[in-house]
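The residues making up each chain are set out below.
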Amino acid sequence: MGQVIGNVKWVLRIEGLAVLTLALFFYNAFGFNWATFFIYFLLPDLSFLGYFFGKKVGAITYNCAHSYIGPAIVCSLFLSLGGELFQIIGVIWAAHIGFDRALGYGLKYEKGFSYTHLGKIGKEKNA
């Protein structure tokens, strides 16, 4: 199972922290409502529901919701179409992913939820 190890793993976790920090900075700079931020911050975690349909579907839904591709598309929509809603969604979504990466939660492999590109997590970590 491919995974990042050693110093590179820490660089990627610090990178996640940097994304989280920048997202929080911009959210504040844009003057958005912090209650909205906290209400929607964990929304991408609904992608866990994919695991009810098996490990493969779970990994796909989780990875779709936890890849920077989604927030990048939403922010691109803001840049091309305008609309504060795209800004809010993109920044909160990026913050969530950055937070997860900083904690060591990476993109999932089909082998199971505990197998991520940043290494094993949970009970599987020491297995």
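Everything below is about the structure shown above.
Source: prediction; values computed, not measured. (Residues numbered from 1 in each chain as written. Predicted model: local features only at pLDDT ≥ 70, side-chain atom pairs only at ≥ 80, totals over all residues. Heavy atoms only, no water.)

Trainee: Sorry if this is basic, but what is going on with the side chain of Ser67 here?
Mentor: Within the element layout of this structure, Ser67 appears in the loop between α3 (55-65) and α4 (69-81). In contact with Ser67, other than residues within four places in its own chain, are Ile97 and Leu107. (Helix = DSSP H or I, 4+ residues; strand = E, 2+ residues; numbered from the N terminus. Contact = heavy atoms within 4.5 Å.)

Trainee: Can you walk me through the packing of aromatic side chains in this structure?
Mentor: What describes a pair of aromatic rings is the distance from one ring centre to the other and the angle between the planes of the rings. This model, assessed by the stated rule, comprises 15 aromatic pairs. Both rings, one in Tyr51 and one in Phe113, keep their centres 5.6 Å apart while their planes meet at 80°; by these two values the pair is edge-to-face. Of this pair, Tyr51 sits in the loop between α2 (34-40) and α3 while Phe113 sits in strand β2 (residues 112-116), and the two are 62 residues apart along the sequence. Cluster of aromatic residues (ring-pair linked, three or more members): Phe25, Phe26, Tyr27, Phe30, Phe32, Trp34, Phe37, Phe38, Phe41 and Phe99. Positioned over the ring face of Tyr62 is Lys108, at 4.5 Å from the centre of the ring. Lys108 extends its terminal NZ or CZ atom over the ring of Phe113, reaching a point 4.1 Å from the ring centre. (Phe/Tyr/Trp six-rings, centres within 6.5 Å; stacked < 30°, edge-to-face > 60°. Lys NZ or Arg CZ within 6 Å of the ring centre and 35° of its normal.)

Trainee: Just checking my understanding: could you explain the nonpolar core for this structure?
Mentor: Side chains of a nonpolar character, in soluble globular proteins, are inclined to be buried together. Of all hydrophobic cores here, the largest spans ten residues; its members are Leu20, Ala23, Tyr27, Phe32, Phe37, Phe41, Ile88, Val91, Ile92 and Ala95. If you list the elements that add at least two residues to this core, you get α1 (6-29) and α5 (84-103). Here this core gets four residues from one element, more than from any other, and that element is α5. Among all residues touching Phe41, those that are not within four sequence positions of it are Ile92, Ala95, His96 and Phe99. (Core = buried A, V, L, I, M, F, W, Y, C linked by side-chain atoms within 4.5 Å. Buried < 20%, exposed > 50% of the residue type's maximum accessible area, 1.4 Å probe, protein only.)

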